[in-house]
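# Understanding the architecture of this molecule
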Protein chains: 2
Amino acid sequence: MEKQKYNGPTDHSFTKSEREALYKTIFTRRDVRAQFSRKEIPVDVLSRILLAGHHAPSVGFMQPWSFTILQSEQKKTAVLELFKEAHAQATEMFEGERQDTYRNLKLEGITEAPINICVTCDKDRAGPVVLGRTHMMEMDEYSTVCAVQNMWLAARSEGVGMGWVSIMDPEKLKKLLGIPENIIPVAYLCLGYVSHFNDQPELQSKGWRERLPLADFVNFEEFQATSDSDYAKTLIQKIGESQKNLQGDDPLKTFLEN
Amino acid sequence: MEKQKYNGPTDHSFTKSEREALYKTIFTRRDVRAQFSRKEIPVDVLSRILLAGHHAPSVGFMQPWSFTILQSEQKKTAVLELFKEAHAQATEMFEGERQDTYRNLKLEGITEAPINICVTCDKDRAGPVVLGRTHMMEMDEYSTVCAVQNMWLAARSEGVGMGWVSIMDPEKLKKLLGIPENIIPVAYLCLGYVSHFNDQPELQSKGWRERLPLADFVNFEEFQATSDSDYAKTLIQKIGESQKNLQGDDPLKTFLEN
């Protein structure tokens, strides 16, 4: 946070080791549904995770989020029941082999995780007209998601696993937690220390779905349009190479070179 | 990314300097609407920013995002017209002094920023039934927002400013960029090197809205409920102290010192 003499427009980049730390956090973050330890998260660690969320960007500086922390077995068990009900319904939506795989995936760690947090969005936090929300009313929910992602990265850096459980009826969750009509439950999170972080996303290692090649989803000037410019061609090539290197044994070694 | 011998559940935390780098990135990230330099963003830097986005969490490992990169003056100017139209409409929604302030804020850097990126969400990327989206159909948009937040942090660490422009009619943007009906434009981003990053969010320094006290929005067991447990009381106290310290001259100095 030191002030530096300004030496040109690229001068605000962080040091290589600082950037490496950020990318390491991003690439090793996992959605954690198992491996939770009962070990309590110290208040200073949880405080930092919440403050990381609070420093997310928000439309019109609205800061529309609230964090409801659940620690009691009773409340967590009631939430788990909501999950089980929705999970049974969801299972019926898949067919054949896919249904069997779905049924056998571990998709939540609600009662194992010492801390659960319901992150909500208050659409009335800053009055009816919000700067930047006038033409996209979902912007406040999107801001709340930015807070969740900051928390996820902070948690990873603190060695705390975090999982997002979305398989439940949001209306029933609102009723259970006493959330008023105008407040939206955006994310239900489970946090705790873990025995390990998986090398790959679980849905990847269990064969549910592959990591897609990013270069296929980068367009130029128009949706799904390619470009013959040198910049575009070099970028697409670079993305392909970097993504390939990221699958290697020591991905960060080469990620920041050049 | 080195493998470590497992020494207990807190053993997966990063080093103090690595965690400090992450928090520094989170706390100094800004929504940038001005100060853009014309200096080109090198392809390897943009590639890293996009790959950071691609490694966001996504519901059912859906990876529903696409990135449409705009560099042409023609397209950017057309997008700027969409902003101007929406901005004029929005101005009328504010009253009195607030309207004057709104009118004078610089809310976009569309044509000044060398790179614009429209981040879209393809709700059909993984078929009609998506693991984790069965009871919350907006989860794929939320995943796309996680990608945006990863990009924002990566950009900050690279010294690249990024701003999210939400003041435009999404339907008109879709038409302009040839985005099909089933694809949602989640974020329109402006990226470029900058003369400086502001110390505070602009809406804070210009008196539009204050940073809220986080402790007021942390609840226990139920929405807006407090708790008398030692954990809850200590956490609330810690959050208040840490947030106060974050407003000091060298906030990171004490942030990680419990």
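A few points on the structure. (Residues numbered from 1 in each chain as written. Chains lettered and ligands numbered in written order. Predicted model: local features only at pLDDT ≥ 70, side-chain atom pairs only at ≥ 80, totals over all residues. Heavy atoms only, no water.)

## Examining the overall build of chain A
- If you tally the helices and strands in chain A, you get nine helices and five strands.
- By the burial criterion, 62% of the 258 residues in chain A qualify as buried.
- Contacts in chain A between residues at least 24 apart in sequence constitute 78% of all its contacts with a sequence separation of at least 6.
- About 10300 Å² of surface is accessible on chain A, with carbon and sulfur atoms providing 47% of the total.
- In chain A, which carries 31 positive and 37 negative side-chain charges, the distance between the mean positions of the two groups comes to 4 Å. (Helix = DSSP H or I, 4+ residues; strand = E, 2+ residues; numbered from the N terminus. Buried < 20%, exposed > 50% of the residue type's maximum accessible area, 1.4 Å probe, protein only. Contact = heavy atoms within 4.5 Å. Areas by Shrake-Rupley, 256 points an atom, 1.4 Å probe, with all protein chains shown as cover. Lys, Arg positive; Asp, Glu negative; His and termini not counted. Charge placed at Lys NZ, Arg CZ, Asp CG, Glu CD.)

## Observations regarding the interface of chain B and chain A
- If you look at the interface, chain B gives 135 residues, while chain A gives 135 residues.
- Between chain B and chain A lies a buried interface of about 12400 Å² when both sides are counted; carbon and sulfur atoms form 65% of it.
- The interface formed by chain B and chain A holds six salt bridges in total.
- Of the charged contacts, one joins Glu 222 of chain A and Lys 75 of chain B as a salt bridge, the two residues approaching to 3.0 Å between their closest N and O atoms.
- Viewed at the interface, chain A and chain B are joined by 56 residue pairs in polar contact (both at pLDDT 80 or more).
- Here the element with the most residues in the side of chain B that touches chain A is helix 5 (residues 139-157) of chain B; it accounts for 12 residues. (Buried area = accessible area lost by both parts, 1.4 Å probe. Salt bridge = Lys/Arg side-chain N within 4 Å of Asp/Glu carboxyl O. Polar contact = N/O pair within 3.5 Å; in protein donor to acceptor, adjacent residues only side chain to side chain.)

## A word on the pairing of strand 3 (residues 160-164) of chain B
All names here are of chain B.
- Most of strand 3 sits inside the fold, with five of its five residues counted as buried.
- Side-chain alternation along strand 3 places Val 160, Met 162 and Trp 164 on one buried face and Gly 161 and Gly 163 on a second face that is also buried.
- Pairing of strand 3 with strand 4 (residues 183-193) involves five bridges; the strand directions are antiparallel. Bridge assignment links Gly 163 to a residue of strand 4, and that residue is Cys 190. (Pairing = 2+ DSSP bridges.)

## Observations concerning the environment of His 196 of chain B
- Relative to the assigned elements, His 196 of chain B resides in the loop between strand 4 and helix 7 (202-205).
- His 196 of chain B sits 35 residues away from Gly 161 of chain B along the chain, and the two C-alpha atoms are 8.7 Å apart.
- Setting aside residues up to four positions removed in sequence, His 196 of chain B forms contacts with His 12 of chain A together with Gln 35 of chain B.
- Reaching out from His 196 of chain B, the side chain makes a polar contact with the side chain of Ser 195 of chain B at a distance of 3.0 Å.

## A look at the nonpolar core
- Ranked by size, the top nonpolar core spans 110 residues in total, and within it Leu 50 of chain A together with Leu 50 of chain B carry the most contacts.
- Here Leu 50 of chain A is in contact with Phe 67, Ile 69, Ile 117 and Met 151 of chain A together with Leu 214, Val 218, Leu 235 and Ile 239 of chain B, once residues within four sequence places are set aside. (Core = buried A, V, L, I, M, F, W, Y, C linked by side-chain atoms within 4.5 Å.)

## So, the sheet that holds strand 2 (residues 115-122) of chain A
- Within the open sheet, the five strands sit side by side as 3(A)-4(A)-2(A)-1(A)-5(B). Their pairing is mixed. At either margin of the open sheet sits one strand with a lone partner, and together these are strand 3 (160-164) of chain A together with strand 5 (218-220) of chain B. Strand-to-strand twist across the sheet, computed as the mean angle between neighbouring axes with direction ignored, equals 25°.
- Strand direction decides the pairing type here: strand 1 (residues 65-70) of chain A and strand 2 of chain A, joined by six bridges, are antiparallel. Bridge pairing in strand 2 of chain A links Ser 66 of chain A to Thr 120 of chain A.
- Each of strand 1, strand 2, strand 3 and strand 4 (183-193) of chain A is contacted by helix 5 (residues 139-157) of chain A, which is oriented at about 150° to strand 3 of chain A, the strand it contacts most. (Axes fitted to C-alpha atoms, helices over the stretch in contact; angles between N-to-C directions.)

## Focus on the relation of the copies chain B and chain A
- Relative to chain A, chain B is turned by 180° and slid 0.0 Å along the rotation axis, the superposed coordinates differing by an RMSD of 0.0 Å. Taken together, the turn and the small shift mark the pair as related by a two-fold rotation axis. Among all C-alpha atoms of chain B, that of Leu 22 of chain B lies closest to the rotation axis, at 2.7 Å.
- Both copies contact each other with a shared surface, as 100% of the interface residues of chain B are interface residues in chain A too. (Least-squares fit on C-alpha atoms with pLDDT ≥ 70 in both.)

## Brief notes about the packing of helix 1 (residues 16-28) of chain A against helix 5 of chain A
Residue and element names in this part refer to chain A.
- Across the interface, helix 1 lies against helix 5 with an axial gap of 9 Å and an inter-helix angle of 100°. Compared by their axis directions, helix 1 and helix 5 come out roughly perpendicular. For the pair helix 1 and helix 5, contact is made by Thr 25, Ile 26 and Thr 28 and by Leu 153, Arg 156 and Ser 157, respectively.
- Per-class residue counts for the contact of helix 1 with helix 5 are two nonpolar, three polar and one charged. (Parallel < 35°, antiparallel > 145°, perpendicular 65-115°, else oblique. Nonpolar A, V, L, I, M, F, W, Y, C, P; charged D, E, K, R; others polar.)

## What to know about the sheet that holds strand 5 (residues 218-220) of chain A
- Pairing in this open sheet of five strands is mixed, and the strands run 5(A)-1(B)-2(B)-4(B)-3(B) from one edge to the other. The open sheet terminates on both sides in strands that have one partner only, identified here as strand 5 of chain A together with strand 3 of chain B. Within this sheet the neighbouring strands show an average axis-to-axis angle of 25°, counted without direction.
- Packed onto the sheet, helix 6 (residues 170-177) of chain B meets strand 1 (65-70), strand 2 (115-122) and strand 4 of chain B and runs at close to 75° relative to strand 4 of chain B.

## Describing unusual backbone geometry
Residues and elements named next belong to chain B.
- At Phe 61, a position not held by glycine, the phi torsion is positive, near 50°.
- Phi is positive for Gln 224, close to 60°, though the residue is something other than glycine.
- Mapped onto the elements, Gln 224 comes out in the loop between strand 5 and helix 8 (230-246).

## Quick look at the packing of aromatic side chains
- Summed over all chains, the structure comprises 16 aromatic pairs over all chains.
- Relative to Trp 208 of chain B, the ring of Tyr 102 of chain B has its centre 6.3 Å away and its plane inclined at 50°; by these criteria the two rings are tilted. Note that Tyr 102 of chain B is positioned in helix 4 (residues 96-104) and Trp 208 of chain B in the loop between helix 7 and strand 5, a separation of 106 residues in sequence.
- Judged by its relative accessible area of 7%, Trp 208 of chain B is buried.
- Taking the centre distance of 6.2 Å and the plane angle of 45° together, the rings of Trp 152 of chain B and Trp 164 of chain B count as tilted. Here the residue Trp 152 of chain B occupies a position in helix 5, and Trp 164 of chain B occupies one in strand 3, the gap between them amounting to 12 residues. Comparing Trp 152 of chain B with Trp 164 of chain B shows no difference in burial state: the two are buried.
- Following the ring pairs from residue to residue traces out a cluster consisting of Tyr 23, Phe 27 and Phe 255 of chain A.
- The lysine or arginine in question, Arg 98 of chain A, covers the ring of Trp 208 of chain A, its NZ or CZ lying 3.7 Å from the ring centre. (Phe/Tyr/Trp six-rings, centres within 6.5 Å; stacked < 30°, edge-to-face > 60°. Lys NZ or Arg CZ within 6 Å of the ring centre and 35° of its normal.)

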